[in-house]
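# A closer look at the structure
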Amino acid sequence: MTGPWPDPVRLTPRVTLVGSGTLGFGLTDPHDSHVYLVDGGTDAVLVDAGCGLAADRIAANVRSCLGARQVSRILLTHAHADHAGGAADLARLLGATVMALPPAAAIVAAGDEDASGLRIARRAGVYPPELRPAPVPVCPLEADELAVGALTLGIHPTPGHAAGHCCFSLADADADADADAGSRALFSGDLVFARGRVAVLATPDTDLRALGQSLRTVAALRPDVLLPGHGAPVLREAHTHLRTAVEHLDRGALPPGLLP
Ligand SMILES: [Zn+2]
């Protein structure tokens, strides 16, 4: 890119966007998913890792937010290269542990380009030839929730877009207890986006029945904030966007796609 790198974008008191490609805010490499920094005070984690071609820049963004404090874990929503390709480099640069649900954990750990869909996507020109993620140790996500300093992240297996896809929910410890449902954020990966849109790929692990069930699962969480893997975040009344997706399902239709 030309010109100065954009600064990280603070979205909520606890969540800052530190990586984002052309389907987002253009902070880092064009092929990057959104990469979110979740700051729990005494501990911090990343949600997703981008594709790896701008891992240095993402790490610099993390350091500019945290100073001397550390990211302990990198939580992957799924194994696709735009979300997980940077896991190995970021784990090394930040000294963090990579975590994902099975079977995404095994796919990323092995650098399995067939199972992640990278080999086909690269051949199709979606990714440049130099995008070749290295294998990296990955710990499986096994609990229902994860403590991040003062915060608790809920772990929600949500297959459909990809095998081993995971959404994460965050109850904001700073929220006013009297606030009306305004306290839960959902990191939705590639399950669902603003306006209830979805991303259905022609890959072997796409499962439309599971996608519908996963959409209903996250809609039932009634999040106020939606932090998807691409595109615009929704910072209030996000549950109305998820309801739009469920209304399509109720009519026997898939919600519209993210891309035209
Ligand atoms: Zn994906």
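One structure accompanies this document, and this report is about it. The numbers attached to residues start from 1 for each chain and follow its sequence in the written order. Selection of residues for local features in this predicted model requires a pLDDT of at least 70, selection of side-chain atom pairs for listing and counting requires 80 or more, and totals for whole chains, interfaces and linings are taken over all residues. The side-chain values count all of the structure's non-hydrogen atoms but skip hydrogen atoms and water molecules.

Per the convention used, a helix needs a DSSP run of H or I reaching at least four residues, while a strand needs a run of E reaching at least two, with both numbered from the N terminus. Working rule for helices: expected span equals 1.5 Å times residues minus one. Spanning 12 residues, helix H1 (residues 55-66) covers 16 Å between terminal C-alpha atoms, matching the ideal 16 Å at 1.5 Å per step. Summary of the burial criterion: residues with accessible area below 20% of their type's maximum are buried, those above 50% are exposed, and those between are partly exposed, where the area comes from a 1.4 Å probe applied to protein chains only. Listed in full, the buried residues belonging to H1 are Ala55, Ile58, Ala59, Asn61, Val62 and Leu66. The buried residues of H1 occupy an angular sector of 155 degrees when the element is viewed end-on, so they sit on one face. Exposed positions of H1 whose direction lies more than 90 degrees from the buried face are Asp56 and Ser64. One or two residues past the end of H1 sits Gly67, with phi positive at roughly 65 degrees. Each direction from the helix axis to a C-beta atom contributes to the arc, which is the arc of those directions.

With that settled, consider the pairing of strand E4 (residues 44-47). Each regular strand carries side chains that alternate between the two faces of the sheet. Neither face of E4 is left uncovered, since the one carrying Ala44 and Leu46 and the one carrying Val45 and Val47 both have all their residues buried. Strand pairing is defined by DSSP finding a minimum of two bridges between the two strands. Bridge analysis of strand E3 (residues 35-39) against E4 gives 4 bridges, and the strand direction is antiparallel. Note on E4: the bridge partner recorded for Asp39 is Ala44. As consecutive antiparallel partners, E3 and E4 are separated by 4 residues, and within that stretch Gly41 has a phi angle of approximately 90 degrees, a positive value. Place the viewer so that the strands point away; then a crossover is right-handed whenever the path from the first strand over the helix to the second strand goes clockwise. Handedness of the crossover joining E4 and strand E5 (residues 73-75) through H1 is recorded here as right-handed.

Of the protein atoms, only His78 (NE2), His80 (ND1), His161 (NE2) and Asp190 (OD) coordinate the zinc ion, at distances of 2.1 to 2.3 Å. Donors, by definition, are the N, O and S atoms found within 2.8 Å of a metal, the threshold being 3.2 Å for Na, K and Ca, and water is not counted, so a site can look incomplete. For four-coordinate sites, all angles between 85 and 135 degrees define a tetrahedron; for four- and six-coordinate sites, opposite donors beyond 155 degrees with the remaining angles between 65 and 115 define square planar and octahedral shapes respectively, and all other cases count as irregular. Coordination at the zinc ion is irregular, judged from the 4 donor atoms that bind it and the angles of 92 to 171 degrees they form at the metal. Sequence spacing of the donors to the zinc ion: H-x1-H-x80-H-x28-D. In this pair, His78 is assigned in the loop between E5 and helix H2 (81-84) and Asp190 in the loop between strand E11 (184-189) and helix H6 (208-219), connecting sequence segments 112 residues apart.

In this section: the state of the cysteines. Here, a disulfide means two cysteine sulfur atoms that sit within 2.5 Å of each other. Using the criterion set out here, one finds 0 disulfides in the structure. Residue Cys139 stays outside any disulfide, its sulfur separated by 14 Å from that of Cys166, the closest cysteine. Residue Cys139 is classed as partly exposed on the basis of its relative accessible area, which comes to 36%. Free cysteine: Cys167, not disulfide-bonded; nearest cysteine sulfur from Cys166 at 6.8 Å. Residue Cys167 is classed as buried on the basis of its relative accessible area of 0%.

Time to look at the sheet that holds strand E7 (residues 138-140). As summarised here, the arrangement of the 7 strands in space is E1-E2-E3-E4-E5-E6-E7, forming an open sheet in which the pairing is mixed. With partners counted over all chains shown, the strands left at the sheet margins are strand E1 (9-10) and E7, one partner each. Bridge count between E5 and strand E6 (residues 97-100): 3 bridges; the pairing is parallel. What sits directly across from Arg73, in E6, is Thr97. Contact criterion: two residues are considered in contact whenever any of their non-hydrogen atoms come within 4.5 Å of each other. Only the contacting stretch of a helix is used when fitting its axis, a line to C-alpha atoms as for every element, and angles between N-to-C directions run 0 to 180 degrees. Across the sheet, H1 is in contact with strand E2 (15-19), E3 and E4; its angle to E2 comes to roughly 150 degrees.

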